[in-house]
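Working through the structure, step by step
Chain by chain, the residues run as shown.
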Amino acid sequence: MDTYRRGSTTPSNASFSGTNGVCLMRSSWKEDQYSSFIDFISTFLSANSFRLNFVPIAPDFIFNCGGLSVAFIFVTNWDCNNVAPIFNKVQQLKAQFSRFYVVITLPGKEEMDSFIDSYFKFGMVIGKPTFVPVKDLEMGFEKMVKIAHSSGVYKQEGIEEKFKAERRQLVQGMNFYLKVVTSIPDIDNHDANTLSQAIGSVQAIAKASKEQILENTDLSTDKADMVSRFLRDPKFFLSPKIN
């Protein structure tokens, strides 16, 4: 890992186009980091097709992937003697975001022991929010991107499943429609599809007159008469048919 040096930062309006999602970085968080680390973040996001914006937000980062927002606190310097501000901020933000993570850089045993003691001292509940300890800065940011991206993918997969279920319902509905309409004597699948496109549902076809069917479809006069009489006259469609 390169040694990061605090100093100049990238321009506040730095951004690039992307397709995987959007990364919002808290402006004041950026000012506290090494410029080389900000460069690493920009390069990493660009390589993974994320757009980066610097904004005055409460969390350190908010990722939006696939319409899903995920918030992060990213602690890059764990001060064993001053941990209260971190946990106070966690308590404030965890109620505001349903998907919220805390990434903490803990390079050594001293920092890890301090974190574990503080975690229970401040009454944290496991998983509310989820804390992600990491060894170094790059690992921490890469984990953030993976968490955000995976959350977006899972949501998209959920949407896809919903679409698939809706398509199955449509197919089942169409199968039922064809079964009903083709039960009319002399009406085949072509006629049924024509009636569906021109007239609509079974209920709409039942209300359509013979003249409306002739005007809007290519059905013959005999077939239009059959459809109109079959669906509008209970005595007709309930009586035995001899073809």
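Because the structure is a prediction, the values reported are computed rather than measured.

The next thing to look at is the packing of aromatic side chains. A complete count under the given rule lists 22 aromatic pairs for this structure. The interplanar angle of 20 degrees and the centroid separation of 6.3 Å between the aromatic rings of Phe61 and Phe63 together place this pair among those described as stacked.

Ranked by size, the top nonpolar core spans 27 residues in total, and within it Ile41, Leu45, Phe61, Phe63, Phe72 and Phe141 carry the most contacts. Only strand 1 (21-26), helix 2 (35-47), strand 2 (50-55), strand 3 (61-65), strand 4 (68-75), strand 5 (100-105), strand 6 (130-134) and helix 5 (137-181) provide two or more residues apiece to this core. It is helix 5 that contributes the most residues to this core, 6 residues altogether. Core analysis: the next-biggest nonpolar cluster, separate from the first, contains 19 residues, Trp78, Phe100, Val102 and Met124 among them.

Empty space within the largest pocket amounts to approximately 400 Å³. The wall of the largest pocket is formed by 16 residues, among which Phe74, Val75, Thr76, Asn77 and Ile86 lie closest to the centre. Of all the elements in the fold, those that place two or more residues in the lining of the largest pocket are strand 4 and helix 3 (84-94).

Another point: the confidence of the model for the protein. Per-chain confidence: the protein averages 80 in pLDDT, with 77% of residues scoring 70 or above. Mean pLDDT across the elements of the protein ranges from a minimum in helix 10 (residues 234-237), with 53, to a maximum in helix 1 (residues 27-31), with 95. Confidence over residues 1-18 falls short of pLDDT 50; this stretch has 44 contacts with residues more than four positions distant or in other chains. Counted against residues more than four places away or in other chains, residues 237-243, with its pLDDT under 50, gives 6 contacts.

Time to look at the sheet that holds strand 6. Across the sheet, 6 strands lie side by side as 2-1-3-4-5-6; this open sheet has mixed pairing. Both outer strands of the open sheet, strand 2 and strand 6, are each paired with one neighbouring strand and no more. Strand-to-strand, the axes of this sheet are offset by a mean angle of 20 degrees, without reference to chain direction. Here 5 bridges tie strand 5 to strand 6, and the two strands are oriented parallel to one another.

This brings us to the pairing of strand 1. Put simply, side chains in a regular strand alternate between the two faces of the sheet. By the criterion of burial, strand 1 is predominantly enclosed, with 5 of the 6 residues buried. In this sheet, strand 3 lies alongside strand 1 in antiparallel orientation, the contact comprising 4 bridges. When the bridges of strand 3 are listed, Val22 appears paired with Asn64.

Our next topic: helix 2. For an α-helix the count is 3.6 residues per turn, leaving residues at separations of three or four pointing the same way. Here helix 2 spans 18 Å end to end across 13 residues, near enough to the 18 Å set by a 1.5 Å rise per residue. Taken together, the buried positions of helix 2 are occupied by Ser35, Phe37, Ile38, Ile41, Ser42, Phe44 and Leu45. Just downstream of helix 2, Ser49 is the residue with a positive phi angle, here 60 degrees.

Let's shift gears to the state of the cysteines. Evaluated as defined, the whole model comprises 0 disulfides. Residue Cys23 stays outside any disulfide, its sulfur separated by 8.9 Å from that of Cys65, the closest cysteine. With a relative accessible area of 0%, Cys23 lands in the buried category.

Moving on, we get to helix 6 (residues 189-198). Of the residues making up helix 6, those classed as buried are Asp191, Ala192, Thr194 and Leu195. Looking down the long axis of helix 6, one finds its buried residues gathered within 160 degrees of arc, a one-sided arrangement. If you check the start of helix 6, you find a side-chain oxygen 3.2 Å away from the backbone N of His190, and it comes from Asp188. Taken from the residues just after helix 6, Gly200 is the one with a positive phi, measuring 125 degrees.

Quick notes on the rules
Residues numbered from 1 in each chain as written. Predicted model: local features only at pLDDT ≥ 70, side-chain atom pairs only at ≥ 80, totals over all residues. Heavy atoms only, no water. Phe/Tyr/Trp six-rings, centres within 6.5 Å; stacked < 30°, edge-to-face > 60°. Core = buried A, V, L, I, M, F, W, Y, C linked by side-chain atoms within 4.5 Å. Buried < 20%, exposed > 50% of the residue type's maximum accessible area, 1.4 Å probe, protein only. Helix = DSSP H or I, 4+ residues; strand = E, 2+ residues; numbered from the N terminus. 1 Å grid on protein atoms, 1.4 Å probe; cavity = no way out; pocket = protein on both sides within 12 Å on 5 of 7 lines; lining within 4 Å. Points joined across faces, edges and corners; volume = space filled by probe spheres on them. pLDDT = per-residue confidence, 0-100. Contact = heavy atoms within 4.5 Å. Pairing = 2+ DSSP bridges. Axes fitted to C-alpha atoms, helices over the stretch in contact; angles between N-to-C directions. Expected span 1.5 Å × (residues − 1). Disulfide = S-S within 2.5 Å. Arc of directions from axis to C-beta. Polar contact = N/O pair within 3.5 Å; in protein donor to acceptor, adjacent residues only side chain to side chain.

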